[in-house]
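Structural features, examined
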Amino acid sequence: MNRQITSLLILFIALQSCIHEDKTNNLILLDSPAGANSEEPFLTTGADGKVYMSWLEKEEKKAILFYSQLESEKWADPIKIAEGRDWFVNWADHPVMAVNKSGDIIAHYLQKSDSGNYTYDIKIVTKNSGEQQWSEPVKLHSDTVNAEHGFVSMQPMSSGDFLVSWLDGRYTVGMSHGNGKGAMTVRAAILNPDGKKLNEWELDNRVCDCCGTANGISEKGPVVVYRDRTENEVRDMSIVRYVNNQWTEPVPVFNDHWEIAGCPVNGPSLSSLNNALVMGWFTAADGKPKVNLIFSSNSGNTFSQPIQVDQGNPLGRVKVALIEPQTAFISWMEGSQIVAAKVESSGIISQRYSLATSSNDRSSGFPQIALNNNKIVIAWVDTESKKVKTGILIL
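Residues numbered from 1 in each chain as written. Predicted model: local features only at pLDDT ≥ 70, side-chain atom pairs only at ≥ 80, totals over all residues. Heavy atoms only, no water.

Let us look at the overall build of the chain. Looking only at helices and strands, the chain features 1 helix and 31 strands. Taking 395 residues into account, the globule formula puts the C-alpha radius of gyration at 21 Å, and the chain, at 21 Å, falls close to it. Each principal axis of the C-alpha atoms in the chain carries an extent, and together these give about 80 × 50 × 40 Å. As displayed, the chain has an accessible area near 17600 Å², and 46% of this comes from carbon and sulfur atoms. Across the chain, the centroid of the 36 positively charged side chains sits 1 Å from that of the 45 negatively charged ones. (Helix = DSSP H or I, 4+ residues; strand = E, 2+ residues; numbered from the N terminus. Rg over C-alpha atoms; globule rule 2.2 N^0.38 Å. Areas by Shrake-Rupley, 256 points an atom, 1.4 Å probe, with all protein chains shown as cover. Lys, Arg positive; Asp, Glu negative; His and termini not counted. Charge placed at Lys NZ, Arg CZ, Asp CG, Glu CD.)

Put into structure tokens, the structure is as follows:
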């Protein structure tokens, strides 16, 4: 009898560990620093431990890029980074920023280089810690081709420099968007805090045309993930790692075998902590939409099996943050709902969250998250008020 009771108790405990509560309406709204007609938010946790947000505001034909810092759960007054009337503004290809341990800031925006629909350059601006003035913009990429350059990711490095990755369309000129012999490439560079380029590399010479890149810094070096593209139009996630002073050849993170003739505009999201990595992504292989999460404990050399986290109607637009080496927070859009989950590397979904209602239209953009100690900061576009909203979720 005692053995039966013990067995039942163990089974009960095991079942309880797999049960998750769906938490709704538990987002603490913050007064957003963004004004009217704001869009394209981006959140990041700097190497200085602080959370920053950038966003765009539109005034007639002018676009203005702002940023703010979160201080004691309140946003500081917005500061203008740059503005222009010739920018390329796109719901998926938004400006990003990064902050190193000294508080130096790097940011980018996209500036039209010609009259074509997809001819624009990546312009980099910087601001050193303690200074008020932003630098004059400089072009990130080395080519002079009027082509598509965008989908930028940035991470601060322990040296104080910045890892930057992006999609580069210098070989696609003369082709229709996403087609032809010239393929989109993914490139990376190291920039110092003044925006000076120290190195630049081509990482993959054929990738998906308009899915964002993501990068991270592990204890063993930089890593970049992105949606690849084979000659047979299979578009799955690949990874390259900087090992022994050189980049590895691209390898699949996981083979979804998603064959699709066009770009799904759904890139990966990556988060790193020491030697741990977590990547989240959307796939619709075999006509079955999924949001998956996958862990690595060795800086991306190998990965575990993917964990499906969606609830049956995922739109994608995934973001992830590592809370601990074996625990991740992932957000995505389930139809017009912004939802999230806390997931263990063992595959257990320990908590689900309903965060906010947005829209599945492109105008809603990509909801953003950033880790702030035991809290998750969230930003999204409210399509009814046409304004960026923000909130905090206590884990």
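Before going further, it helps to spend a moment on the sheet that holds strand S12 (residues 149–156). Pairing is antiparallel in the open sheet, where 4 strands are placed in the order S12-S13-S14-S15. Taken across any chain shown, the strands that pair with only one partner, and hence form the sheet edges, are S12 and strand S15 (197–207). Between one strand axis and the next, the sheet turns by 15° as a mean value, whatever way the strands run. Relative to strand S14 (residues 184–191), strand S13 (residues 162–168) is paired through 7 bridges, and the arrangement is antiparallel. (Pairing = 2+ DSSP bridges. Axes fitted to C-alpha atoms, helices over the stretch in contact; angles between N-to-C directions.)

With that out of the way, let us pick up the sheet that holds strand S22 (residues 276–283). Taking strand neighbours across the sheet as the criterion, the 4 strands line up as S21-S22-S23-S24 in an open arrangement whose pairing is antiparallel. Of all the strands in the sheet, just strand S21 (269–273) and strand S24 (307–308) have a single pairing partner and so form its edges. Sheet topology places S21 next to S22; 5 bridges connect them, and they run antiparallel. Paired with serine 269 across the bridge in S22 is glycine 280.

The backbone of serine 72 shows a phi angle near 50°, a positive value even though the residue is not glycine. Note that serine 72 resides in the loop between strand S5 (62–71) and strand S6 (74–75). Even without being a glycine, glutamate 233 presents a positive backbone phi close to 65°.

This part takes up the nonpolar core. Counting 51 residues, the largest nonpolar core has Ile81, Met97 and Met154 as the members making the most contacts within it. Of all the elements, S14 adds the most residues to this core, at 6 residues. Not counting residues within four places of it along the chain, the set of residues in contact with methionine 154 comprises Val96, Met97, Ala98, Ile106, Ala107, His108, Ile124, Leu163, Val164 and Asn215. Formed by 21 residues, the second largest nonpolar core is a distinct cluster that contains Ala276, Ala285, Val309 and Ala328. (Core = buried A, V, L, I, M, F, W, Y, C linked by side-chain atoms within 4.5 Å. Buried < 20%, exposed > 50% of the residue type's maximum accessible area, 1.4 Å probe, protein only. Contact = heavy atoms within 4.5 Å.)

Before going further, it helps to examine the side chain of aspartate 204. One can find aspartate 204 in strand S15. Among buried charged residues, aspartate 204 stands out as having no salt bridge; its nearest opposite-charge side chain is arginine 206, 7.9 Å away. In terms of polar contacts, aspartate 204 uses its side chain to reach the backbone amide nitrogen of arginine 206, at 3.1 Å. Each residue touching aspartate 204, except ones within four places of it in the same chain, is listed here: Thr185, Val186, Tyr226, Asp228 and Pro250. (Salt bridge = Lys/Arg side-chain N within 4 Å of Asp/Glu carboxyl O. Polar contact = N/O pair within 3.5 Å; in protein donor to acceptor, adjacent residues only side chain to side chain.)

Where charged atoms of side chains with opposite charge meet at close range, the side chains can pair. This model, assessed by the stated rule, comprises 16 salt bridges. With its nearest N and O atoms 3.6 Å apart, the salt bridge here joins arginine 170 to glutamate 200. Residue arginine 170 is located in the loop between S13 and S14, and its partner glutamate 200 is located in strand S15; the two are separated by 30 residues in the primary sequence. A salt bridge links glutamate 200 to lysine 197; its shortest N-O distance comes to 2.6 Å. Of the residues examined, lysine 197 reaches a relative accessible area of 29% and is grouped as partly exposed.

Moving on: the pairing of strand S4 (residues 51–59). Among the 9 residues that make up S4, 7 are buried, leaving the element largely enclosed by the rest of the structure. In the sheet, strand S3 (residues 38–45) pairs with S4 via 6 bridges, with the strands oriented antiparallel. Counted as the bridge partner of phenylalanine 42 is serine 54 from S4. In sequence, S3 turns back onto S4 through a hairpin of 5 residues, with glycine 49 there showing a positive phi of about 85°. Looking at chain direction, S4 and S5 are connected through 8 bridges and run antiparallel. Among the inter-strand pairings, tyrosine 52 is bridged to a residue of S5, identified as glutamine 69.

On average, residues of the chain score 93 in pLDDT, and 92% of them reach the 70 mark or higher. A low-confidence stretch, residues 1–21 (pLDDT under 50), is modelled with 11 contacts involving residues beyond four sequence positions or located in other chains. (pLDDT = per-residue confidence, 0-100.)

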